Amino acid sequence: MKLQEKALLHALLSHPSGREHLLRYLPQELAEEIQQWPTPKSHDFSKLLSQKTWARSMHYSWFYEPLKTLTPETAHLFLSLLPEKEAREVSKMLSLSPKPVSYSPFMHPFLMDEFKRKVQQGVEVISEDYLPPSSFNMLLTLNKTQFFNLIDLLGVHDLSADLRQVVNKELLRKIYTALSGEQLRFLHYCSKQPMKWIPPGLGLLAWDGSKAKLQRMLHGRGLARLGRALGNEDESLKWHLLHRLDTGRAGVVEKIFRQKQDMALIPYFKNQVLHIVKRYQT
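Residues numbered from 1 in each chain as written. Predicted model: local features only at pLDDT ≥ 70, side-chain atom pairs only at ≥ 80, totals over all residues. Heavy atoms only, no water.

**Examining the overall build of the protein**
Link 1 in the chain: Assigned secondary structure in the protein consists of 15 helices and 0 strands.
Link 2 in the chain: For the protein, buried positions account for 43% of its 282 residues.
Link 3 in the chain: For the protein, long-range pairs separated by at least 24 residues make up 80% of all intrachain contacts whose partners lie at least 6 apart in sequence.
Link 4 in the chain: Accessible area of the protein: about 16200 Å², with a carbon and sulfur share of 54%. (Helix = DSSP H or I, 4+ residues; strand = E, 2+ residues; numbered from the N terminus. Buried < 20%, exposed > 50% of the residue type's maximum accessible area, 1.4 Å probe, protein only. Contact = heavy atoms within 4.5 Å. Areas by Shrake-Rupley, 256 points an atom, 1.4 Å probe, with all protein chains shown as cover.)

Right, here's the structure in full:
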């Protein structure tokens, strides 16, 4: 039984009346697994049954690979399933001109199911509402600006580590000028925190003073720290978070996943992420 099917079964069994009686008809292993699943505050059956909601939070760049090998006619069919803005961006990536298509309403569920299969590539993903309990689930509630800001601030930890070795006042002035007010305040916070892990150097002595370049470096380092913090999280949570990013950024995080991690350091990186997330809950 697929994860999403189990989620639907869990929702159907959520009503206290007759729950235990109905569980008896399930195989023992399946019944025990479903009973361990978290129970959302409310069950959104429309979301569980919807053919559309799975793609709404995904970055459009993830749709390029599944469509690039298709004929233009077939690609246009799948593009018609996306919101107009996303369809336009993917069309640009595919070098296709926008083209209206029409088909029977009965075709829509079939096309959406086939598109989902192509995008997920056999990976089973559970709905966000049914993820195992984790303090990291709150990352899914952040909007794009908040999520990117979190990543940038995580990268400031790497900058703080580097600055402990910098004594050149002119270089320090350039660095401070290239940071936002929030980044400067967060840098002050980071400078007072103990370091349990020393990151590779940013190469500040070779930095050309470009604000944009420093911000890119911080963003990249932030993505790497996020990857280390996610090390032992549920695979579906990882999938949902990565697919909120474009494929390029997600690739940076996935590279960290493939590396051997020191499991003892994961709580250290997790705490850095959660410290920033809590800023958005006040």
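Resuming the write-up.
**Points about the packing of helix α12 (residues 211-229) against helix α14 (residues 247-258)**
Link 1 in the chain: Taken N-terminus to C-terminus, the directions of α12 and α14 make an angle of 45°; their axes are 8 Å apart at the nearest point. By the angle class used here, α12 and α14 are oblique. Relative to α14, the crossing made by α12 is right-handed. Every residue of α14 that contacts α12 at His 219, Gly 220, Leu 223, Ala 224, Gly 227 and Arg 228 is listed here: Arg 249, Val 252, Val 253, Ile 256 and Phe 257.
Link 2 in the chain: A per-class count over the contact of α12 with α14 returns 6 nonpolar, 3 polar and 2 charged. (Axes fitted to C-alpha atoms, helices over the stretch in contact; angles between N-to-C directions. Parallel < 35°, antiparallel > 145°, perpendicular 65-115°, else oblique. Left-handed = near helix turned anticlockwise from the far one by under 90°. Nonpolar A, V, L, I, M, F, W, Y, C, P; charged D, E, K, R; others polar.)

**Section: the packing of aromatic side chains**
Link 1 in the chain: According to the stated counting rule, one finds 5 aromatic pairs in the structure shown.
Link 2 in the chain: Ring plane angle 25° and centroid distance 5.5 Å describe the contact between Phe 78 and Phe 115, whose orientation is recorded as stacked. Of this pair, Phe 78 sits in helix α6 (residues 72-79) while Phe 115 sits in helix α8 (residues 107-120); the two residues are 37 residues apart in sequence, bridging distant segments of the chain.
Link 3 in the chain: If you follow Lys 238 out to its NZ or CZ, it ends over the ring of Phe 257, 4.6 Å from the centre.
Link 4 in the chain: In this arrangement the basic side chain of Lys 270 is found over the ring face of Phe 136, its NZ or CZ atom lying 4.4 Å from the centre. (Phe/Tyr/Trp six-rings, centres within 6.5 Å; stacked < 30°, edge-to-face > 60°. Lys NZ or Arg CZ within 6 Å of the ring centre and 35° of its normal.)

**Examining the confidence of the model for the protein**
Link 1 in the chain: In the predicted model, the protein carries a mean pLDDT of 86, and 82% of its residues have values of at least 70.
Link 2 in the chain: For the protein, per-element mean pLDDT is lowest for helix α4 (residues 45-49), which scores 50, and highest for α12, which scores 98. (pLDDT = per-residue confidence, 0-100.)

**Side note on the side chain of Glu 233**
Link 1 in the chain: Tracing the backbone through its elements, the reader meets Glu 233 in the loop between α12 and α13 (235-242).
Link 2 in the chain: Here Glu 233 falls in the buried class, since its relative accessible area comes to 12%.
Link 3 in the chain: Among the polar contacts made by the side chain of Glu 233, one reaches the side chain of Ser 134 at a distance of 2.7 Å.
Link 4 in the chain: Setting aside residues no more than four positions away along its own chain, Glu 233 makes contact with Ser 134, Phe 136, Lys 238 and Lys 270. (Polar contact = N/O pair within 3.5 Å; in protein donor to acceptor, adjacent residues only side chain to side chain.)

**Some thoughts on the environment of Val 90**
Link 1 in the chain: Looking at the secondary structure, you find Val 90 in helix α7 (residues 84-93).
Link 2 in the chain: On the basis of relative accessible area, Val 90 is assigned to the buried category, the value being 0%.
Link 3 in the chain: Distance in space between the C-alpha atoms of Val 90 and Lys 68 is 9.7 Å, their sequence separation being 22 residues.
Link 4 in the chain: The contacts of Val 90, once residues within four sequence positions are left out, are Tyr 60, Phe 63, Leu 67, Leu 79 and Leu 82.

**A few points about α8**
Link 1 in the chain: Taking 1.5 Å of rise per residue, 14 residues should cover 20 Å, and α8 covers 20 Å from first to last C-alpha, within 8% of that figure.
Link 2 in the chain: Among the residues of α8, Leu 111, Met 112, Phe 115, Val 119 and Gln 120 are the ones counted as buried. All buried residues of α8 lie within an arc of 150° about the axis, which places them on one face of the element.
Link 3 in the chain: Those residues of α8 that are buried lie in contact with α5 (64-68), α6 and α13. (Expected span 1.5 Å × (residues − 1). Arc of directions from axis to C-beta.)

**Notes on helix α11 (residues 181-191)**
Link 1 in the chain: Within the span of α11, buried status applies to Gln 183, Phe 186, Leu 187 and Cys 190. The buried residues of α11 all sit within an arc of 110° when viewed along its axis, so they share a single face.
Link 2 in the chain: Contacts from the buried residues of α11 go to α9 (144-163), α10 (169-178), α12 and α15 (266-277).

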